[in-house]
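Fold and geometry: a report
One letter stands for each residue in the lines below.
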Amino acid sequence: MEEIKNDSERIIRTSSAFDCGGRCPLKFHVKGGKIIKIEGDDGEEPRQLRACMRCRALRQYIYHPKRLKYPLKRVGPKGKGEFKRITWDEALKEIAQKLKEIKETYGNKSIFLAMGGGYLGAFHDGMFALMRLFTQFGGYSTHYGNVSSEGAVYATKVMYGSPFVGHSREDLLNSKLIILWGWDPARMISGSDTIYNLVKAKEAGIKIICIDPRYHDTAVLLADQWIPIYPGTDTAMMVSMAYVMIKENLHDQAFLDKYTVGFDKFKEYVMGKEDGIPKTPEWAEQITSVPAETITNLAREYATTKPAALMDCQGPARSAVGSLYNRCAITLTAMTGNIGRPGGSAAGGLMGIPYGHMFFGARIPPPYKNPVEDTGRSVRGSVNLQDRFITRCHTNKIFDAILKGTKGGYPFDVKFAWFVNNNFLNQLGNTNKAAEALKKLEYMVSSEIFLTPTARYADIVLPVTTMAERSDLARPWPSGPYFTFMNQAIEPLGECKSDLRIAEELADELGIEDFVKYPDVDKALKALLKMPADTRKNIRNYRKFKEEGIHRLELEEPYVAFRKEIEDPENHPFQTPSGKIEIFSQRIADLNDPNNPPIPKYMRTPEDRFDPLIKKYPLQVLSPHPPNRVHSEMYLVDWLREVEPHRVWINHIDAKKRGIQDGDMVLVFNDRGKLLIPAWLTERIIPGVISIYEGAWYDPDENGIDRGGCVNVLTNDSHALCGASALKSCLAEVKKYEGGDI
Ligand SMILES: Nc1nc2c(c(=O)[nH]1)N[C@H]1C(S)=C(S)[C@@H](COP(=O)(O)OP(=O)(O)OC[C@H]3O[C@@H](n4cnc5c(=O)[nH]c(N)nc54)[C@H](O)[C@@H]3O)O[C@H]1N2
Ligand SMILES: Nc1nc2c(c(=O)[nH]1)N[C@H]1C(S)=C(S)[C@@H](COP(=O)(O)OP(=O)(O)OC[C@H]3O[C@@H](n4cnc5c(=O)[nH]c(N)nc54)[C@H](O)[C@@H]3O)O[C@H]1N2
Ligand SMILES: [Mo]
């Protein structure tokens, strides 16, 4: 854990636990109780996990002068940010009192828990403690639908019966062609070993093609070819690639026959038998803007270069198209026989790899059953949409549900809401509407590290510790085969407490005597590591793990998704009803919903480029994840702001039409909101599309114009049928801002 450097300087091994998919192993140099320097992993190549810019800037985050250090009570209007300091005792007594009153008057259904991914440690992830607390208090209402990945989860559940579609990243080196389709890992990380392996692949001469409306950082770094495409039209291009393969007999019919069902139906759609429209590259060109010749060449290249890795992701699926993007990508990987093969890819959003030792989730002691959901079914990612949580609202509908309640068809009327691990006012669709909803709440609590735009609406704000002030265990999201031990480096700042401690103390106030507590963190972490998830890979030497801060799994060979299913299909069927990869899904067909086709298709969506609304709002709005933050986290850190000033990406052609010059302050607006932001004129985005990184803090002025540049004042709060949040189906207009009222 600690290595004494000299009399007073110690090195503490830890890692981040942000929601970025990476886990940078870190060395904190601590002197006199303060972190004075941060270094990255010192592991040997090729296994070194180089620290990202955010982790290198952690000191400015942990010691930021705006860190919350004491409990606060709101004294001004909601949203204005006027608070006074109170004691923990006062804060917890008031919250307990309110909870009892609201339970008595309206029942447990009116207590709402809003949970995000702000912290992903195994133990101190406070929302689990709050879930337990509210369960024991008689139950609570909440939301369903993972805002990140619901489209991909649905696609993989339908087609494979499993979301574990990832390969170890070093397997990229076994590919002959890598297609990054809506994926920019130089920015979004997706495992701390991803970009390293992509760079190695590039150095080895493996061709890399990027398909994205933006010439993003990974494309700049690695792409042999960038294919710009209009947002929301990828499925048209994928379907026409299938057309070329079928027409030229380039697809792997033997693979399709052996491992899939329903290709014939897909083929009928592709060739035009179903609807009279052959899905030719010319047809796709009209929709996507990608020249027919480019599509044809890519189809040929992908079908004839073996193995090839088609890497789709989750971003394009965070739209009204939702899972169809991932379903089409999976179909192409099946048509080319790339599934279950080293150097190939199963597509489906690049999600989990079952490396074993999932100490997550299992940390919640009983009771598990939320009494409010006694009558509800709870099938996350279920193919049958009717099976979704019928007691919950969709995540992107939280604020609509608060506003409309049971009268609007939601299962509850929210009176009390607790926001933990999220800044949802800022991060979900339609921020102005969200602000209205928060004003309407009877009572709101936020446990936070900073006074975020969401926390500004709370009645009580509770200050929580950062990762430097507690010990925990963590693992990267999907890929890296390693686990980290987060050693506490410093004492909690001010009066900060972890969410777990907060829940424990509140349990006392509420008189919940049998609430399980963890006074000894070290003991609790040891117990977590003993869990039998996958005994072969269990970390046996607790002391070594704690000291080194990292446990790297030794894999004999790179992990390849569905290898067993492909190599030994008799004994390892896919977990679908047919036991095969379902290009046609009878389960979806049975739902008989025209908006949810049983085969993957190109479908139009609201606020796409063919929506008549485009006359009024001619620009499609992208809102990728910021390179210099994790969503809205670290927004206040100056070092990171310097790296990437917050600007709207706009092509010269669009800017010229509007008389906009580089650096001009512009107003971006639609019927949902208006924001001010400087323009960045760039060839790195396709004309007709603009891009604003999500996560800038909402800061509305008296005219309702957001001066913070929070893109979600523009986005809408709808979701695709499959459960994907439609944050990227959004149209807006841009004009030069001349000052004054608008
Ligand atoms: N327009 C647009 N919007 C998007 C997206 C998009 O692509 N476009 N992406 C969406 C996606 S995929 C996601 S996952 C969401 C993320 O949405 P959020 O989860 O709301 O995003 P964060 O900004 O990470 O907010 C996490 C908050 O948790 C706080 N926090 C950190 N650690 C702790 C802790 O230990 N305890 C407590 N109590 N709080 C803590 C942080 O200070 C921060 O304010 O955003 C979504 N929003
Ligand atoms: N630095 C950093 N890393 C992060 C995060 C962060 O906030 N900051 N957030 C993490 C989280 S919670 C998540 S869920 C992941 C998200 O990871 P992703 O879902 O991969 O990220 P996005 O930024 O939403 O989008 C990825 C790319 O898709 C492109 N794109 C958008 N729409 C379309 C489309 O219709 N077609 C095509 N072809 N491309 C399109 C965008 O231009 C962008 O380059 O990232 C994680 N990593
Ligand atoms: Mo996410």
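The residue numbers shown here count from 1 along each chain, following its written sequence. In the order they appear in the text, chains get letters beginning with A and ligands get numbers beginning with 1. In keeping with the predicted nature of the model, local features appear solely for residues at pLDDT of at least 70, side-chain atom pairs appear and are counted solely at 80 or more, and the whole-chain, interface and lining totals rest on all residues. The side-chain numbers reported here are obtained from all heavy atoms of the structure, hydrogens and water having been left aside.

**Quick look at the sheet that holds strand β16 (residues 443-448)**
Two strands are said to pair when DSSP picks up at least two bridges between them. Labels follow the DSSP assignment, with helices taken as runs of H or I lasting at least four residues and strands as runs of E lasting at least two, numbered in each case from the N terminus. Strands sit in the order β6-β5-β17-β16-β15-β7 across an open sheet of six strands; the sheet is mixed. Taken across any chain shown, the strands that pair with only one partner, and hence form the sheet edges, are β6 (83-85) and β7 (111-115). If you compare each strand with its neighbour and ignore which way they point, the axes differ by 20 degrees on average. Sheet contacts for helix α3 (residues 88-106): β5 (72-74), β7, β15 (416-420), β16 and β17 (460-463); angle to β17, the most-contacted strand, approximately 130 degrees. Angular values range over 0 to 180 degrees, each being the angle between N-to-C directions of two axes fitted as lines to C-alpha atoms, with helices fitted over their stretch in contact. Residues count as neighbours in contact if any of their non-hydrogen atoms are within 4.5 Å of one another.

**Topic: the environment of Thr484**
In this structure, Thr484 sits in strand β19 (residues 482-486). Apart from the residues within four sequence positions on either side, Thr484 is in contact with Ser15, Arg23, Asp472, Leu473, Ala474, Phe545, Gly549 and Ile550. Within the structure, the side chain of Thr484 is placed 2.8 Å from the side chain of Ser15, a separation counted as a polar contact. Polar contacts here mean pairs of N or O atoms no more than 3.5 Å apart (in protein, one a potential hydrogen donor and the other a potential acceptor; neighbouring residues in sequence count only if both atoms are side-chain atoms).

**Section: the packing of aromatic side chains**
Between 30 and 60 degrees the pair is tilted, below 30 it is stacked and above 60 it is edge-to-face, where a pair is any two Phe, Tyr or Trp rings, Trp via its six-membered ring, whose centres lie within 6.5 Å. All told, the structure shown has 22 aromatic pairs when counted by the stated rule. Look at Phe18 and Tyr61: their rings are 5.8 Å apart centre to centre, the planes differ by 70 degrees, and that puts the pair in the edge-to-face class. With Phe18 in the loop between β2 (9-15) and β3 (25-31) and Tyr61 in helix α2 (residues 58-62), the pair connects residues that are 43 residues apart, well separated along the chain. Judged on exposure class, the residue Phe18 and its partner Tyr61 are both buried. Only protein chains enter the accessibility calculation, which uses a 1.4 Å probe; a residue whose area is less than 20% of its type maximum is buried, one above 50% is exposed, and one in between is partly exposed.

**Observations concerning the site of ligand 1**
Around ligand 1, a shell composed of 33 residues is seen, among which Gln427, Glu448, Asp499, Ser632 and Asn712 lie nearest. At 3.4 Å from an oxygen atom of ligand 1 is found a main-chain nitrogen or oxygen belonging to Gly117. In the environment of ligand 1, an oxygen atom lies 2.5 Å from a nitrogen or oxygen atom belonging to the side chain of Glu448. A 1.4 Å probe and the Shrake-Rupley method give the accessible areas. Residues count as covered only by the protein chains that appear here. Out of a free accessible area of 920 Å², ligand 1 has 98% covered by protein chains. Charged residues are taken to be Asp, Glu, Lys and Arg, nonpolar residues to be Ala, Val, Leu, Ile, Met, Phe, Trp, Tyr, Cys and Pro, and polar residues to be all remaining types, Gly included. When the residues that make up the shell around ligand 1 are grouped by side-chain class, the tally is nine nonpolar, 16 polar and eight charged. Two domains share the shell around ligand 1, each providing at least three of its residues, namely domain 1 (72-148 + 363-552) and domain 3 (612-736). Residues are classed as near a molecule or strand on a simple rule: at least one heavy atom within 4 Å of it. Each domain's limits were defined by an automated method or a database of domain assignments.

**So, the domain arrangement of the chain**
Domain boundaries in the chain define domain 1 (72-148 + 363-552), domain 2 (168-350 + 561-589) and domain 3 (612-736). Of note, the centres of domain 1 and domain 2, computed from C-alpha atoms alone, are 37 Å apart. Residue-level contacts link eight residues of domain 1 with 11 residues of domain 2. Along the contact surface separating domain 1 from domain 2 lie three residue pairs in polar contact (both at pLDDT 80 or more). Across the side of domain 1 that touches domain 2, the residue classes tally to five nonpolar, three polar and no charged.

**Here's the deal with empty space enclosed by the protein**
Vacant regions in the atomic arrangement are exposed by a probe of water-molecule size rolled over the atoms. Think of a 1 Å grid over just the protein atoms. A cavity is a set of points where a 1.4 Å probe fits yet cannot get out, a pocket is an open set with protein on both sides within 12 Å along at least five of seven lines, and lining residues have an atom within 4 Å of a point. Grid points are joined across faces, edges and corners, and a volume is the space filled by probe spheres set on the points. By the definition in use, this model includes five cavities of 30 Å³ or more. Within this model, the largest cavity holds a volume of roughly 680 Å³. In this structure, the largest cavity is lined by 44 residues; those nearest its centre are Gly182, Gly315, Pro316, Arg318 and Lys728. Of all the secondary structure elements, the ones that give two or more residues to the lining of the largest cavity are α6 (185-188), α9 (234-247) and β22 (619-622). Split into classes, the residues belonging to the lining of the largest cavity amount to 19 nonpolar, 13 polar and 12 charged. Looking at which domains feed residues into the lining of the largest cavity, each of domain 2 (168-350 + 561-589) and domain 3 (612-736) supplies at least three. Roughly 100 Å³ of volume is contained in the second largest cavity. As for the second largest cavity, its lining consists of 15 residues, and the residues nearest its centre are His167, Leu172, Met311, Gly344 and Ser345.

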